[in-house]
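Examination of the molecular architecture
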Amino acid sequence: MSIEIKNLCHYYGKGSAFEKKALDEINLTIEKGDFVGLIGHTGSGKSTLVQHLNALIKPQSGNIIIDGEDINADKSRLKAIRTKVGLVFQYPEHQLFDMTVYKDVAFGPKNAGLSNEEVDERVKSSLEMVGIAPELHEKSPFELSGGQKRRVAIAGVLAMRPEILVLDEPAAGLDPRGRDEILGQVKRMHETLGITVILVSHSMEDIARLVNRILVINGGKIVLTGTPAEIFSKFDELEAIGLSSTQTAYIMRDLQSKGFTLPPNIFTVDEAVTAISKGICR
Amino acid sequence: MEIVVKTDEIVFEYAVQSDTEDKTDETPPNVALDGVSISISKGEFVAVLGHNGSGKSTLAKHINGLLLPKEGTVWVKGISTTEEEKTWEIRQSVGMVFQNPDNQIIATIVEEDVAFGPENLGIPPAEIRQRVDEALEAVGMTAFAGNPPHHLSGGQKQRVAIAGILAMRPDIIVMDESTAMLDPIGRREVMAVARRLNAEGITIILITHYMDEAAQADRIIVMNDGKVVMEGIPNEIFTKIDELKEIGLDVPQAAEIAHKLRLGGVDLPRGIVTGDQLVEALVNVNRN
C-alpha cells in the first residue's frame, strides 16, 4: 500500500482576492508499512495535505496515487478509497454521537453493509485494539474520560479496517498518560497489523520515539525529509521554520560543545542516559 | 506578602446523572475537589499540574466564582466568593483564559473584542480607548488592532483573549490550559506574555500539562484525585520523578536524564530541571 503524491497544489479562495497557496508542488512517496511523522507549524499545510489522502479535498492540480490507483480518477471508487484510508481528525471525540460506545463504533461497518456477525466482530476487536474494556461498551460515550472518548473515536475508524491510518494530532489536549496510551496503541497497531501510519504532531519528542521517517512541511512545501536522525540533527533549519529538535537533542549538542565525546544522533531520554554514562570520566 | 487567593478545605462535587428508575440505586457523587487548601501571594507565578480529571480546572473555576464550593471557603483579596453582591468585583480582579482560542473571541475586529469587557463595566469611551491600546501593546498585538480575529494564529488569538482580560485591569490571571491547543511557536508567545505580565506585578495561575512551562513558575501545585498532593518550587517537584509518573505526569527530559544517571551512580546534584542545569552539572562531574 504505497502512497504517491505528484505535483499536488492547493489554493484557498482560488480566484478570489484572498487567494492563498496552501500546498505548493508537493511530491512524495510513502511506502507500505512506513510510520511517517508529518511536522510543520500551524498553517504550514499539514491538515490540508492529509485531507487529500482520502479525497476529502480533491487536488486542484496534481495526483494522489494509492496502490497504483489515482484516487480521484473514478468517483464510483471513492467509497472504497475512504475505507482503505482511515483519517482521524483533530479532536475526533467531537464526532461521537450515538447512544452507546458499541453503537458508535458499529456505525461505519453497518453502513458499509456488513453482516451483523462481521459488524460485531469488528466492533469488539477495534475496541480491544484501543484498550476499551467490554464493560464500557454499553455506556454512553459522553460519560467517558477525554482520553477514552478519543480512543472510541479512533476505534470507529479502525472498524473500517483501513490499510493506511492518518492521525492528525491524536494526542492534542490529552494529559501525559492519555497521550502515552493513544500513541502506544498506534505503535502496536502499526507493528501487529502492519498498517501504514501517518502521524501529524507538534511534539518532537513523540515523533522522535515513534516514526521511522519524517516529512517537514513549511509554507505548503515539503522542505525536508529523512529519518529522525537526519531531521533532528538539523537544529538551524528546524528553528528557521518555527520548529525545534527534541529537548534531549539540545542537551546532547550542548554537552558536545563543552568537549564531551558522545555518539551522534541521540534524541530520546534512554539513548541519552546510555550515551552520557559512557561519555563521562569516572 | 499579601495573600490574594486563599482556599480553605474546599469540597466540590459534580452531579452524576443516573438514568436508572430505581432511586435507591444511588450513584456516588463525583468528588472533584476533596478538601483543597491553597494560598497564593500577590505577584506569584504558580503552575498547577495534574492529569485530566484531577480537579485542577474545577479549582481554577472556583477562583473567580464560576463555581462555588460545597464546603469550605474561597477568598479572593479577602472577599468570599459566596458573597453574591461582590461577584462582579471578583470576576474583574480574576481574569480567566481558557483552552480553545476560538471560543473566547466574540467580536469581528480585534480591538472591539478587547473593548468588550470595559464597555460592559460602563467605562467612558476615552478611557476604553486607552485601556484597549495599552492591553494590545502589552500582548504585542497592536499591529492587528483593526484585523478580523479569524485570520490570526492560535497563539495570536490567545494573546487577544489575554488583552481582553487586561483591559479589565485584573490583579490575577488564571490560564486554564491556555496553551494546550497551540503549536510550539504559539505556546512560546503566550508564555512570554504571561511572564512579562507577571514581571509587571500580575499574579499568574497557570494550569498546564506541559512540564517545561511549569518549570518556569515560582511554585508548582500538583493535584491528584481532587487533592493537593505536592507543592513546592520546580526544582523540588521535578526530582520526585517516580511520584509524578505514578500519577500520570511527565517530567522535563533533562530532569529524567539526570534522575536516571543518578540511579546509574553518576554523582549529580538533586534539583536539575533544565537542559542548561544538566549540562553544567555534567561538566562539573567531568572536571572532578
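Right above here is the structure, for reference.
Residues numbered from 1 in each chain as written. Chains lettered and ligands numbered in written order. Predicted model: local features only at pLDDT ≥ 70, side-chain atom pairs only at ≥ 80, totals over all residues. Heavy atoms only, no water.

Side note on the pairing of strand β3 (residues 35–39) of chain A
Residues and elements named next belong to chain A. Heads up, the rule is: Only protein chains enter the area calculation, which uses a 1.4 Å probe; residues under 20% of their type maximum are buried, those over 50% are exposed, and those in between are partly exposed. Each helix is a run of H or I in the DSSP string that is no shorter than four residues. Each strand is a run of E no shorter than two, and both are numbered from the N terminus. Note on pairing: two strands pair once DSSP finds at least 2 bridges between them.
Burial analysis of β3 places five of its five residues in the buried class, which makes it a mostly covered element. Along β3, one buried face is formed by F35, G37 and I39 and the opposite face, lined by V36 and L38, is buried too. The pairing of β3 with strand β8 (residues 196–200) spans four bridges and is parallel. Among the inter-strand pairings, V36 is bridged to a residue of β8, identified as I198. Bridge count between β3 and strand β9 (residues 213–218): four bridges; the pairing is parallel. When the sheet's bridge partners are listed, L38 is paired in β9 with L215.

A closer look at the packing of aromatic side chains
Convention followed: Two rings from Phe, Tyr or Trp (for Trp, the six-membered ring) form a pair when their centres sit within 6.5 Å of each other. Planes less than 30 degrees apart are called stacked, planes more than 60 degrees apart edge-to-face, and all others tilted. The rule for a charge over a ring is simple: NZ of Lys or CZ of Arg within 6 Å of the ring centre, and within 35 degrees of the ring normal.
What the rule picks out here adds up to four aromatic pairs over all chains. With a centroid separation of 5.0 Å and an interplanar angle of 85 degrees, the aromatic rings of F97 of chain A and F107 of chain A are classed as edge-to-face. One end of the pair, F97 of chain A, is in the loop between β6 (85–88) and α3 (101–111); the other, F107 of chain A, is in helix α3, with 10 residues separating them in the sequence. A relative accessible area of 43% places F107 of chain A in the partly exposed class. Judged by centre distance (5.0 Å) and plane angle (80 degrees), the ring pair of F12 of chain B and Y14 of chain B falls under edge-to-face. Directly above the aromatic system of Y91 of chain A lies the positively charged group of R150 of chain A, at a separation of 5.3 Å from the ring centroid.

Re the environment of A249 of chain A
All names here are of chain A. Using the following cut-off: Whether two residues are in contact is decided by their heavy atoms, any of which lying within 4.5 Å being enough.
Relative to the helices and strands, A249 resides in helix α10 (residues 247–257). Sequence spacing of A249 and A272 is 23 residues, and the spatial spacing of their C-alpha atoms is 8.6 Å. Each residue touching A249, except ones within four places of it in the same chain, is listed here: F232, F235, I266 and F267.

A short note on helix α4 (residues 125–138) of chain B
Residue and element names in this part refer to chain B. Spelled out, the test is: Here the expected length of a helix is defined as 1.5 Å per residue gap, with one fewer gap than residues. Picture the helix axis, draw a direction to every C-beta atom, and the arc is the one those directions span.
Between its first and last C-alpha, α4 extends 20 Å over 14 residues, near the 20 Å set by a 1.5 Å rise per residue. Turning to α4, its buried residues number three or more, namely I128, R131, V132, A135, L136 and A138. Looking straight down α4, one finds its buried side chains confined to an arc of 155 degrees; they lie on one side. Away from the buried face of α4 by more than 90 degrees, exposed residues A126 and E137 are located. Elements that come into contact with the buried residues of α4 comprise α3 (110–120), α5 (154–166) and α6 (184–199). Count one or two residues on from α4 and you reach G140, which has phi positive near 70 degrees.

Here we look at α5 of chain B
Here α5 of chain B is 13 residues long and its end C-alpha atoms lie 18 Å apart, about the 18 Å a rise of 1.5 Å per residue gives. Burial analysis of α5 of chain B places 13 of its 13 residues in the buried class, the great majority of the element.

Points about the side chain of D168 of chain A
All names here are of chain A. Heads up, the rule is: Residues scored as charged are limited to Lys and Arg (positive) and Asp and Glu (negative), so that His and the chain ends carry no count. We count a salt bridge whenever a side-chain nitrogen from Lys or Arg sits within 4 Å of a carboxyl oxygen from Asp or Glu. For this analysis, a polar contact is any N or O atom pair within 3.5 Å, provided that within protein one partner can donate a hydrogen and the other can accept it, and provided that sequence-adjacent residues contribute only side-chain to side-chain pairs.
Within the secondary structure layout, D168 lies in strand β7 (residues 164–168). The buried charged residue D168 lacks any salt bridge partner; its closest oppositely charged side chain belongs to K46, at an N-O distance of 6.4 Å. Of note is the side chain of D168, whose polar atom sits 3.4 Å from the side chain of Q90. Once residues within four sequence positions are removed from consideration, D168 is found in contact with S47, V50, V88, F89, Q90 and V200.

Observations regarding unusual backbone geometry
Residues and elements named next belong to chain A. Backbone geometry places N7, a non-glycine residue, at a positive phi of 45 degrees. Along the chain, N7 falls in strand β1 (residues 3–12). Accessibility expressed as a relative area gives 39% for N7, which makes it partly exposed. Within the chain, Y91 stands out as a residue other than glycine whose phi angle is a positive 50 degrees.

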